[in-house]
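Examination of the molecular architecture
Listed below, chain by chain, are the residues.
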Amino acid sequence: KPKTLTHVQAASIPYAGLTAWASLVTQGGLNEKTAKGKRVLVLGGSGGVGTFAVQLLKAWGAHVTVTCSRDAVPMMTSLGADDIINYQAQDVKEQLKRVDKFDLILDGVGGDIEKSLFSADYLKPWAGAKYVTLRTPLLQNADKHGFADGMLKSGLSL
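Anyway, here's the lowdown on the structure attached to this text.

Definitions and limits used
Residues numbered from 1 in each chain as written. Predicted model: local features only at pLDDT ≥ 70, side-chain atom pairs only at ≥ 80, totals over all residues. Heavy atoms only, no water. Helix = DSSP H or I, 4+ residues; strand = E, 2+ residues; numbered from the N terminus. Expected span 1.5 Å × (residues − 1). Buried < 20%, exposed > 50% of the residue type's maximum accessible area, 1.4 Å probe, protein only. Contact = heavy atoms within 4.5 Å. Pairing = 2+ DSSP bridges. Axes fitted to C-alpha atoms, helices over the stretch in contact; angles between N-to-C directions. Salt bridge = Lys/Arg side-chain N within 4 Å of Asp/Glu carboxyl O. Parallel < 35°, antiparallel > 145°, perpendicular 65-115°, else oblique. Left-handed = near helix turned anticlockwise from the far one by under 90°. Core = buried A, V, L, I, M, F, W, Y, C linked by side-chain atoms within 4.5 Å.

This next bit is on helix α2 (residues 48–59). For the α-helix, the turn length of 3.6 residues means that residues three or four positions removed from each other point alike. With 12 residues, α2 extends 17 Å from end C-alpha to end C-alpha; this agrees with the ideal 16 Å at 1.5 Å per step. Turning to α2, its buried residues number three or more, namely V49, G50, T51, A53, V54 and L57. Turning to α2, the residues buried within the fold contact α1 (7–27), β1 (39–43), β2 (63–68), α3 (73–79) and β4 (104–107). Once α2 finishes, G61 follows within two positions and takes phi at roughly 90 degrees, a positive value.

Strand pairing in a sheet relies on backbone hydrogen bonds, with the paired strands running either antiparallel or parallel. Taken in spatial order, the five strands line up as β3-β2-β1-β4-β5 in an open sheet, and their pairing is parallel. Of all the strands in the sheet, just β3 (83–86) and β5 (130–133) have a single pairing partner and so form its edges. In this sheet, adjacent strand axes meet at a mean angle of 15 degrees when their direction is disregarded. Pairing geometry for β4 and β5, over four bridges, is parallel. Residue D107 lies in a different strand from β5, and its bridge partner there is T133. Across the sheet, α2 is in contact with β1, β2 and β4; its angle to β2 comes to roughly 165 degrees.

Looking now at the pattern of salt bridges. Scanning the model with the defined rule gives three salt bridges in all. The residue K97 makes a salt bridge to E94 at a minimum N-O spacing of 3.3 Å. Of this pair, K97 and E94 both sit in helix α4 (residues 92–97), three residues apart, which is roughly one turn of the helix. Residue classification places E94 among the partly exposed positions, given a relative accessible area of 36%.

Let's shift gears to the packing of α1 against α2. Close contact between α1 and α2 brings their axes to 8 Å; oriented N to C, the two are set at 55 degrees. Taken together, the axes of α1 and α2 are oblique relative to one another. For α1 against α2, the interelement crossing comes out right-handed. Judged by residue contacts, I13, A16, G17, T19, A20, W21 and L24 of α1 engage G48, V49, F52, A53, L56 and L57 from α2.

This brings us to the nonpolar core. One finds L24, V40, L57, V64 and V66 to be the most contacted residues of the largest nonpolar core, which totals 22 residues. Sorting the residues of this core by element identifies α1, β1, α2, β2 and β4 as the ones contributing at least two each. For this core, the element with the highest residue contribution is α2, accounting for four residues. Apart from residues lying up to four places away in sequence, L24 is in contact with G29, L30, A53, L56, L57, W60, L104 and L106. Counting residues in each nonpolar core, the second largest holds 10 residues, with L43, V92, Y122 and Y131 among its members.

Encoded structure:
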């Protein structure tokens, strides 16, 4: 393991990478053969999953737009993000209105962002565009209501 990381931090690296890969390939339908020229928005691009997603997408030839904090802008630039939206300095919705629509939105943030951006306004119409979120209500509902009731509440909310 790298000397600057704890064992727990080092163990999380493959998990983040595999989550990014599975989200893009399994749910998003993108891979090294299909991603070239696709437009992808990564919400929370500077997180563990987001940083892996950006690198995979750029290696596959996709055009990548990310949202991140001011502090993460240099890292997103170094990873090759084509468009960077600093959510602390800019209104994300206004910035997204100024760019072309996306083939895929990968949401690593969820919550209020998910509610406000889960909109056809940002996805290419009639093109099989997808919205993939990493934050499901299942775990939150299970914690709040117990496993059985949480599963039921999650099922009813779909």
